[in-house]
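Residue-level structural notes
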Amino acid sequence: MKRKADILIVGCGAAGLYCALHLPKDKEIVILSKDDVENSDSYLAQGGICVLKSEEDYESYFEDTMKAGHYENRKESVDIMIRSSRKVIDDLILYGVDFENDHGSLIFTREGGHSTPRILFHEDATGKEITSRLLRAVESLENVTVCPHTTMIDLLTENNTCLGAVVAEKDGTVVPVRADYTVLACGGLGGLYEHTTNF
């Protein structure tokens, strides 16, 4: 695998792939996946994806999100997530994601934590639909290398600056991968709990 990149992305789920697709094409990008690229929480997610349907839905969407987070959410982050959701959905559709629709009009459903239908979905495999389309788009890029079965085990740092990561390859070989920028898109929240639905 490459030992140097302009940008190192740790995680091959929807966040890591979407990030790679929006970075400059003249940058050398390496994406790490600790397993097969299909074995991510994003790929295995069954539910849907939230979107701001209209400006009239903003206050309700904001309140639903804050309530679901026990009002510990960072308000600025919630605002960014909600206001950027339509652009993200438009991007996903351009990448070929086939959300359920009725003659071209998107169909919304309601899931836990939401007071109104604002969830887009694809059958009962929304994560697979989104992630597989993003992966296909990433694989078409000449400046991106995807490394399956490659696990980050530590960050490379010097003087409080991240310089990449130390990774373990499939055969157990441990190598440093230096990068000008390192993006952590690796989830990991489920690892904090003894019981989790995360992969």
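Residues numbered from 1 in each chain as written. Predicted model: local features only at pLDDT ≥ 70, side-chain atom pairs only at ≥ 80, totals over all residues. Heavy atoms only, no water.

1. Thoughts on the overall build of the protein chain
From N to C terminus, the protein chain includes five helices and ten strands. For a compact globule of 199 residues, the expected C-alpha radius of gyration is about 16 Å, and the protein chain comes in at 18 Å, within 12% of that figure. Each of the three principal axes of the protein chain carries a C-alpha extent, and together these read 50 × 40 × 35 Å. When burial is assessed residue by residue, the protein chain has 36% of its 199 residues classed as buried. Pairs at least 24 apart in sequence give 59% of the contacts found in the protein chain among residues at least 6 apart. (Helix = DSSP H or I, 4+ residues; strand = E, 2+ residues; numbered from the N terminus. Rg over C-alpha atoms; globule rule 2.2 N^0.38 Å. Buried < 20%, exposed > 50% of the residue type's maximum accessible area, 1.4 Å probe, protein only. Contact = heavy atoms within 4.5 Å.)

2. Things to note about the pairing of strand 10 (residues 174-184)
Of the strand pairs in this sheet, strand 1 (residues 4-10) and strand 10 are connected by six bridges, and their pairing is parallel. Bridging across to strand 10, Ile9 finds its partner in Val183. Here strand 9 (residues 161-168) folds back onto strand 10, and the loop between the two strands holds five residues, one of which, Gly172, carries a positive phi near 95 degrees. (Pairing = 2+ DSSP bridges.)

3. Observations regarding a nonpolar patch on the surface
A surface patch of nonpolar side chains, about 380 Å² in accessible area, is lined by Leu189, Leu192 and Tyr193. Of note, Leu189 is situated in the segment after strand 10. A residue is classified by how much of its surface remains accessible, and Leu189, at 56% relative accessible area, is exposed. (Patch = residues over 30% accessible without salt bridge, like charges linked within 9 Å, V, L, I, M, F, W, Y side chains within 5 Å. Areas by Shrake-Rupley, 256 points an atom, 1.4 Å probe, with all protein chains shown as cover. Salt bridge = Lys/Arg side-chain N within 4 Å of Asp/Glu carboxyl O.)

4. Quick notes on the packing of helix 3 (residues 58-68) against helix 4 (residues 75-94)
Helix 4 packs onto helix 3 with a crossing angle of 130 degrees between their chain directions and a minimal axis gap of 10 Å. On the basis of the axis angle, helix 3 is oblique to helix 4. The two elements helix 3 and helix 4 meet at a crossing, and its hand is right-handed. Between helix 3, through Tyr58, Tyr61, Phe62, Thr65 and Met66, and helix 4, the contact on the second element is made entirely by Lys75, Val78, Asp79, Met81, Ile82, Arg83 and Ser85. When the residues that make up the contact of helix 3 with helix 4 are grouped by side-chain class, the tally is seven nonpolar, two polar and three charged. (Axes fitted to C-alpha atoms, helices over the stretch in contact; angles between N-to-C directions. Parallel < 35°, antiparallel > 145°, perpendicular 65-115°, else oblique. Left-handed = near helix turned anticlockwise from the far one by under 90°. Nonpolar A, V, L, I, M, F, W, Y, C, P; charged D, E, K, R; others polar.)

5. A look at the sheet that holds strand 9
Across the sheet, six strands lie side by side as 7-2-1-10-9-8; this open sheet has mixed pairing. Edge positions in the sheet fall to strand 7 (144-147) and strand 8 (151-158), since each has one partner strand and no second. In this sheet, neighbouring strand axes are inclined to one another by 40 degrees on average, regardless of whether the strands run parallel or antiparallel. The sheet contact formed by strand 9 and strand 10 spans five bridges and is antiparallel.

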